[in-house]
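# Report on the structure
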Amino acid sequence: MSSSTRVPAAGSAAPGSWTPVGKNGAPARLAGAPRQRRVPYLLVGILLVLGCAAAGVVVALRLGHRVPVLELARPVSVGQALTAQDVREVDVSAGTGLAVIPARSLTQVVGRPVAYSLPAGTLLTRQVLGAAQVPPAGQAVAAVGLKAGQVPSGLQPGNHVTVVVEPDSNAVTGKSSAPPSLSWDAVVTDVRDDTTDQTTVVSMQMAVEDARQLAAVPAGQVDLVETSGGGQ
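Residues numbered from 1 in each chain as written. Predicted model: local features only at pLDDT ≥ 70, side-chain atom pairs only at ≥ 80, totals over all residues. Heavy atoms only, no water.

An unreviewed UniProt entry lists the chain under the name SAF domain-containing protein, with Streptantibioticus silvisoli as the source organism.

Take a look at the structure:
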């Protein structure tokens, strides 16, 4: 006797009906049924991880070529002693070729005077720090010896002042050697105490013509008034 496998007619499947089988008893795939495709999620995950790692390496390499340095956060005047508020940290390319001051040297910069009047955003180098250098075009440095009461207490390099010429006491006799009511704006570049004659020698940067007139004023007729700045 021959054996056969019963296959129900299409559309007649019902509870208790037989399931089509193929060779070795495995369920047979019906004609026209879609074949399932599995997306290689593991491969996609690996590619994403590798992509992120590569991006991290690129960022790290770029950051590795930049170094934190110091720059001026606001304008400063020649002779002004720097404070922590005058500077800020920025990142620049390591290949700038400038002898910039690294951010870790902040404590060595605070308290140092600047040798020039500089705008905000200037990168700090060793060359811009120190004693006042040759004044810029149109400016000159004049020095005056002042007694107590003629110079504000605590005057420091970088302070803005107004130089006022006192009328000569001999003006009533027509022997005044300097016109009254003269005044000029200046920036202090150096302050030194001379203990031998109890005077304070103040050096100031000012316009060339103003410096020439100040040099012609006799000693004892000059007073300094400290101002908030901006007169220059």
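Our next topic: the overall build of the chain. Looking only at helices and strands, one finds 3 helices and 7 strands in the chain. Taken from N to C terminus, the helices and strands of the chain fall in the order α-β-β-α-β-β-β-β-α-β. Residue burial in the chain is summarised as follows: out of 232 residues, 28% are buried. For the chain, long-range pairs separated by at least 24 residues make up 66% of all intrachain contacts whose partners lie at least 6 apart in sequence. Approximately 15,400 Å² of the chain is accessible, and the part contributed by carbon and sulfur atoms is 57%. (Helix = DSSP H or I, 4+ residues; strand = E, 2+ residues; numbered from the N terminus. Buried < 20%, exposed > 50% of the residue type's maximum accessible area, 1.4 Å probe, protein only. Contact = heavy atoms within 4.5 Å. Areas by Shrake-Rupley, 256 points an atom, 1.4 Å probe, with all protein chains shown as cover.)

Turning next to the pattern of salt bridges. Tallied over the entire structure, the rule returns 4 salt bridges. Linking Asp86 and Arg74 is a salt bridge whose minimum nitrogen-to-oxygen distance equals 2.6 Å. Taken together, the positions of Asp86 in the loop between strand S1 (66-72) and strand S2 (87-93) and Arg74 in the loop between S1 and S2 put the pair 12 residues apart, joining distant regions of the chain. Its relative accessible area of 2% is what places Asp86 among the buried residues. Looking at Arg74, the relative accessible area reads 38%, which means it is partly exposed. For the salt bridge of Asp190 with Arg192, the shortest nitrogen-to-oxygen distance reads 2.6 Å. (Salt bridge = Lys/Arg side-chain N within 4 Å of Asp/Glu carboxyl O.)

The next thing to look at is helix H3 (residues 208-215). Among all positions in H3, only Asp210, Ala211 and Leu214 are buried. Angularly, the buried residues of H3 cover 100° about the axis, an arc narrow enough to put them on a single face. Within H3, the exposed residues directed more than 90 degrees away from the buried face are Arg212 and Ala215. In this structure, the buried side of H3 is in contact with strand S3 (139-146), strand S4 (160-165), strand S5 (183-194), strand S6 (199-207) and strand S7 (222-227). (Arc of directions from axis to C-beta.)

Successive side chains on a regular strand alternate, one facing one side of the sheet and the next facing the other. Residues Ala140, Ala142, Val144 and Leu146 point to one face of S3 and are all buried, whereas Gln139, Val141, Ala143 and Gly145, pointing to the other face, are not buried. Alignment of S3 against S6, held across 8 bridges, turns out to be antiparallel. Across the sheet, residue Val141 finds its bridge partner in S6, namely Gln205. (Pairing = 2+ DSSP bridges.)

On to the environment of Val67, then. Relative to the helices and strands, Val67 is located in strand S1. According to the relative accessible area criterion, Val67 is partly exposed, its value standing at 33%.

Here the focus is the sheet that holds S7. Judged by pairing direction, the sheet is antiparallel, and its 5 strands sit side by side in the order S3-S6-S5-S4-S7 without closing on themselves. Across the chains shown, the open sheet's two edge strands, defined by having one partner strand only, are S3 and S7. On average, adjacent strands in this sheet sit at an angle of 40° to one another, irrespective of strand direction. Bridge count for S5 against S6 is 7 bridges, and the pairing is antiparallel. Residue pairing in the sheet places Val191 in a bridge with Val202 of S6. (Axes fitted to C-alpha atoms, helices over the stretch in contact; angles between N-to-C directions.)

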